[in-house]
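# Tertiary structure, described
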Amino acid sequence: MRYEPINPELFVFNRNKLANKLLTKSISILNSNDVMPTNADGTMGFKQNSDLFYLSGIDQEETILLLYPDAPEEKFKEILFIRETSDLIATWEGYKLTKDQARTISGIKTVFWISDFDTIFSQLMFEAQNVYLNTNEHARNSSRVQSRDDRFIIETLQKFPLHTYHRLAPILQNHRSIKHQIEVELISKACKITEKGFRRLLNFVKPGVWEYEIEAEFLHEILINRSRGTAYSSIVASGANANILHYVENNAQCKDGDLILLDIGAEYANYHSDMSRTIPVNGKFNARQAAIYNAVLSVMKQATQLLVVGNTLTEYHATVGKIMEEELIKLGLLNADDVKKQNPAAPLYKKYFMHGTSHYLGLDTHDVGSRFAKFEAGMVFTCEPGIYIKEEGIGIRLENNFVINQTGKPTDLMSTIPLELSDIEDLMKSK
């Protein structure tokens with residue numbers, strides 16, 4: 001892996017936390033993600049199942065984790081199954097983990113080849129009563145592609161129909177939403193790499209460059225800083241393209257006088273960062289652009305103060321909506337009287353700010369976590385207000401990543417990344 005070794009204390013802690021939530025005589029099983037095909041004999045780059053990585057630190061395909069806290073023998077309480085390598089695999093695909101390396105990474109003493117899984121699993125299932133199976137229960141998941149976990153559920157239910165089955169996802173979603181200090185440090189590392197990429201961009205952007213050239217500059221910088229790549233598809237949206245929320249074509253030429261909305265972030269050790277900035281192509285905001293930019297920044301600063309223990313996403317977004325209304329009225333985009341008469345179920349500000357302000361962040365960009373849960377210390381959220389004016393061809397979004405603290409305001413993991421309008425202009429002027 002490109003990233004530095006992670007302290008296995010993290011994965012030991014995570015497994016112990018999960019074990020304490022399982023019913024007695026319970027087995028839980030998690031599978032790695034598939035290597036997904038493209039066309040002919042091509043494959044996509046491998047991305048590990050976030051839950052499996054969270055509990056083991058293993059970043060390799062064809063991996064299974066079995067946890068059986070009440071196993072009759074100590075060696076079966078935690079078992080890792082990994083892919084057995086060979087000279088042929090080493091020649092064509094390269095390095096794969098040895099058993100000793102898997103033990104060092106995960107902190108799990110018992111490691112078998114994956115070819116041994118069926119036999120050992122069957123033996124342990126005859127002793128167990130409860131079975132926890134994992135699947136993707138993210139609220140935004142709409143994939144029709146069947147995962148290894150999905151196939152495993154079908155196979156296990158057919159082979160062992162009389163066990164009592166439980167969902168593992170709700171437990172892991174709750175646990176993963178509150179970060180260990182090691183996780184916070186890894187997310188912070190991803191943020192620092194993102195900062196390096198952004199500062200490089202500020203020295204590159206000028207009228208006439210292409211959006212994909214800007215994307216390439218960012219990618220170059222994060223790759224030389226141990227990132228495996230972007231945390232998500234980069235958005236480099238100049239001019240009116242900024243009004244397309246998930247614009248990823250990045251194929252337009254940047255024109256003098258336009259703005260560029262950047263939604264970019266590096267991953268590090270599977271942990272994600274998520275940053276948005278809006279910068280002027282020519283290095284100088286005009287008066288209208290500056291007014292809108294400062295309005296978004298004002299909303300962001302006020303919203304940040306609401307990321308405190310005890311708040312909820314529902315209450316938070318409702319309050320941010322009110323703050324945004326005030327800024328849109330000042331900009332002349334909304335009428336105060338119309339706002340007073342609006343349908344509460346369809347607030348007028350949604351015309352110019354149609355997405356949420358914050359989401360969980362961690363092993364996934366839109367990380368797992370209940371939108372109904374109260375904010376707790378250790379949760380990591382984005383804060384990303386925006387104003388999008390199609391009729392003016394302007395879209396501005398600003399975004400940083402924050403850790404909620406037990407008391408007081410949250411910790412800004414992107415506090416050193418230029419954000420103030422004057423700082424952006426000064427840095428672009430000095431190139």
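Above this text is the structure in question.
So, here is what we can say about the structure in this document. (Residues numbered from 1 in each chain as written. Predicted model: local features only at pLDDT ≥ 70, side-chain atom pairs only at ≥ 80, totals over all residues. Heavy atoms only, no water.)

## So, the sheet that holds strand 1 (residues 26–31)
Read across the open sheet, the six strands follow the order 4-3-2-1-5-6; overall the sheet is mixed. In the strand order of this sheet, the two ends are held by strand 4 (110–113) and strand 6 (164–167), each with one partner. Ignoring strand direction, the axes of neighbouring strands in this sheet form an average angle of 20°. Pairing between strand 2 (residues 64–67) and strand 3 (residues 78–82): four bridges, direction antiparallel. When the bridges of strand 3 are listed, L67 appears paired with E78. Of the strands in this sheet, strand 1, strand 2, strand 3, strand 4, strand 5 (130–133) and strand 6 are in contact with helix 5 (residues 117–125), which crosses strand 1 at around 155°. (Pairing = 2+ DSSP bridges. Helix = DSSP H or I, 4+ residues; strand = E, 2+ residues; numbered from the N terminus. Axes fitted to C-alpha atoms, helices over the stretch in contact; angles between N-to-C directions. Contact = heavy atoms within 4.5 Å.)

## Here we look at the environment of Q181
Within the secondary structure, Q181 sits in helix 8 (residues 181–202). Look at Q181 and you get partly exposed, because its relative accessible area is 48%. The spatial distance from the C-alpha of Q181 to the C-alpha of R167 is 27 Å, given a sequence separation of 14 residues. (Buried < 20%, exposed > 50% of the residue type's maximum accessible area, 1.4 Å probe, protein only.)

## A closer look at the side chain of E183
If you trace the backbone, E183 turns up in helix 8. Buried charge E183 goes without a salt bridge, the closest partner of opposite sign being K179 at 5.7 Å. In contact with E183, not counting residues within four places along its chain, are L10, Y54, I178 and Y271. (Lys, Arg positive; Asp, Glu negative; His and termini not counted. Salt bridge = Lys/Arg side-chain N within 4 Å of Asp/Glu carboxyl O.)

## Focus: the pattern of salt bridges
For the structure on display, the rule yields 26 salt bridges. Residues D100 and R103 are paired through a salt bridge, measuring 2.6 Å at the closest nitrogen-oxygen approach. Note that D100 and R103 are positioned in helix 4 (residues 99–106) at a spacing of three residues, about one turn of the helix. When the shortest N-O distance is used, the salt bridge between E267 and R228 registers 4.0 Å. Pair noted here: E267 is in strand 9 (residues 267–268) and R228 is in the loop between helix 9 (211–223) and strand 7 (235–238), with a separation of 39 residues, a long-range link. Using a relative accessible area of 32% as the deciding quantity, one classes R228 as partly exposed. Linked by salt bridges that have partners in common, D51, R176, K179, D364 and D367 make up one network.

## Some remarks on the sheet that holds strand 7
Taken together, three strands build an open sheet; the order of strands is 7-8-11 and the sheet is antiparallel. Because the sheet does not close on itself, it has two edges, and the strands there are strand 7 and strand 11 (275–280). For this sheet, the mean angle separating the axes of adjacent strands, direction not counted, is 15°. Strands in contact with helix 8 are strand 8 (259–264) and strand 11; relative to strand 11, the strand with the most contacts, it is inclined by about 10°.

## Some details on unusual backbone geometry
Both trends apply: most residues other than glycine have a negative phi, and most peptide bonds are in trans. The residue K25 is not glycine, and still its phi comes out positive at about 55°. Even without glycine at this site, E62 takes up a positive phi of about 55°. Its place among the elements puts E62 in the loop between helix 2 (50–56) and strand 2.

So, to be careful, I would describe these as geometric facts and stop short of saying anything about function.
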